[in-house]
Amino acid sequence: MPTARRASVLRLDPPPGPPSAASSPASPRAMLRPVDALDHHFALEVPRVFAEAERAALVAGVRAAQAEWTADFGGEQFSLGRAFYTHLEQGRSRVYFADAAASDARVERHLPGLQRRMRELVAALTGGLAQPRRGFCGPGVHIFPAGEKVAREGGVVHFDTEGLSDYHLARRLRAITVVVMLELPDADGGLKLWDVLYDGRDDPRDEALSARSLVAGYSPGGALVIDSYRLHQIQPFPGDRDRISATVHAAEIDSGRWETWF
Ligand SMILES: O=C(O)CCC(=O)C(=O)O
Ligand SMILES: [Fe+2]
């Protein structure tokens, strides 16, 4: 389903701050939400979510936690904290839910404050409340190793609809994915975005791939925000450096109330 949106990435600079007292009640929150720019752009870019020293410390924390990474798809990719979609696709959803509290504890132990910062970013982008989704794992980290399958071939072309309830999906209620790049590969590794939104089928139609598209680039410590219903794919990347990113999914459950998970 093509959309009338511009094939562009909107850069939010300065980055959105916490919802301020000025945003209510005189001015309707709905008019101030950066997230609504996703109706007109393929993605939002938020520079400098983490300052360089914070970014470097987070990467060091991810590396130090290597013994506690979760391997997915036979070691094609890893995570710190569990991701819902990888467990669903591998028939391991029970492990995901059974380990949710421990997953959050692992992320917090190695990357103190990361989950909070990711939720604060969702709050700033939405002007709303960003709460943990009960029973799910909170924000976590993806590690795509240099030279592995995603590096060589790119990721799977997909929508981020797997974690959304049927209720949410049927109404196309707002849902976003926020990815903060902690460690950029030597080159490339951006996110390809198509002018294609979820049309009720998990797998894109063949013709979707010929729709117009763009590759959004990441900056170290910066984020891309996409509509979870938009078709996207991690691009291949060369070199010896792993691609390490922090991810949170968020769904607007009630007006101004968002649930977050990984
Ligand atoms: O790392 C990225 O750029 C996007 C990752 C992604 O598509 C996902 O986590 O669903
Ligand atoms: Fe995705």
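Since we're looking at a predicted model, the values are computed, not measured.

J.: Residues and numbers for the overall build of the protein chain, please.
T.: Counting secondary structure elements, the protein chain contains seven helices and 13 strands. On C-alpha atoms alone, the protein chain measures out to a radius of gyration of 17 Å, which is about the 18 Å that the 2.2 N^0.38 rule sets for 262 residues. Within the protein chain, buried positions represent 53% of all 262 residues. Once local pairs closer than 6 in sequence are excluded, the contacts in the protein chain between residues at least 24 apart make up 80%. For the protein chain, the exposed area adds up to about 11700 Å²; of that, 54% sits on carbon and sulfur atoms. Computed over 31 positive and 34 negative side-chain charges, the inter-centroid distance for the protein chain is 4 Å.

J.: Explain the site of ligand 1 to me, and be specific about the residues and the numbers.
T.: Taken together, the neighbourhood of ligand 1 is formed by His142, His158, Asp160, Val179, Leu191, Tyr218, His232, Ile234, Arg243 and Ser245. In the environment of ligand 1, an oxygen atom lies 3.2 Å from a nitrogen or oxygen atom belonging to the side chain of His158. Interatomic distance of 3.0 Å between a side-chain N/O atom of Asp160 and an oxygen atom of ligand 1. Here ligand 1 has 290 Å² of accessible area as a free molecule, and 97% of this is covered by the chains. For the shell around ligand 1, the secondary structure elements donating two or more residues are β11 (230-234) and β12 (243-254).

J.: Any details on the pairing of strand β7 (residues 175-183)? Residues and values, ideally.
T.: A large share of β7 lies buried, amounting to nine of its nine residues. Bridge count for β7 against β12 is eight bridges, and the pairing is antiparallel. Within β12, the residue paired with Val178 across the bridge is Val248. Bridge analysis of β7 against strand β10 (residues 223-227) gives five bridges, and the strand direction is antiparallel. Note that in β10 the partner of Val180 across the bridge is Ala223.

J.: Account for the coordination of the iron ion (ligand 2), with residues named and values stated.
T.: Protein coordination at the iron ion (ligand 2) comes from His158 (NE2), Asp160 (OD), Asp160 (OD) and His232 (NE2), with a distance range of 2.0 to 2.8 Å. Each of the six donor atoms around the iron ion (ligand 2) contributes to a set of angles spanning 52 to 170 degrees, which defines the coordination as irregular. Mapped onto the sequence, the residues coordinating the iron ion (ligand 2) show the spacing H-x1-D-x71-H. One end of the pair, His158, is in the loop between α6 (149-153) and α7 (166-171); the other, His232, is in strand β11, and 74 residues separate them in sequence. Residue class for His232 comes out buried when judged on its relative accessible area of 4%.

J.: Please give an account of the packing of aromatic side chains that cites residues and values.
T.: Evaluated as defined, the whole model comprises 10 aromatic pairs. Taking 5.5 Å as the distance between ring centres and 40 degrees as the angle between the ring planes, the aromatic pair formed by Phe84 and Phe136 counts as tilted. One end of the pair, Phe84, is in helix α2 (residues 84-89); the other, Phe136, is in the loop between β5 (129-132) and β6 (140-144), and 52 residues separate them in sequence. Judged by its relative accessible area of 10%, Phe84 is buried. In this structure Phe136 comes out as buried when scored by relative accessible area, which is 15%. Aromatic side chains Phe159 and Tyr198 sit 5.7 Å apart centroid to centroid with 80 degrees between the ring planes, which places their arrangement in the edge-to-face category. With Phe159 in the loop between α6 and α7 and Tyr198 in the loop between β8 (191-197) and β9 (213-216), the pair connects residues that are 39 residues apart, well separated along the chain.

Cut-offs used in this document
Residues numbered from 1 in each chain as written. Chains lettered and ligands numbered in written order. Predicted model: local features only at pLDDT ≥ 70, side-chain atom pairs only at ≥ 80, totals over all residues. Heavy atoms only, no water. Helix = DSSP H or I, 4+ residues; strand = E, 2+ residues; numbered from the N terminus. Rg over C-alpha atoms; globule rule 2.2 N^0.38 Å. Buried < 20%, exposed > 50% of the residue type's maximum accessible area, 1.4 Å probe, protein only. Contact = heavy atoms within 4.5 Å. Areas by Shrake-Rupley, 256 points an atom, 1.4 Å probe, with all protein chains shown as cover. Lys, Arg positive; Asp, Glu negative; His and termini not counted. Charge placed at Lys NZ, Arg CZ, Asp CG, Glu CD. Near = heavy atom within 4 Å. Polar contact = N/O pair within 3.5 Å; in protein donor to acceptor, adjacent residues only side chain to side chain. Pairing = 2+ DSSP bridges. Donors = N, O, S within 2.8 Å, 3.2 Å for Na, K, Ca; no water. Tetrahedral: all angles 85-135°; square planar, octahedral: opposite > 155°, others 65-115°. Phe/Tyr/Trp six-rings, centres within 6.5 Å; stacked < 30°, edge-to-face > 60°.

Any functional reading would require information beyond the geometric quantities listed.
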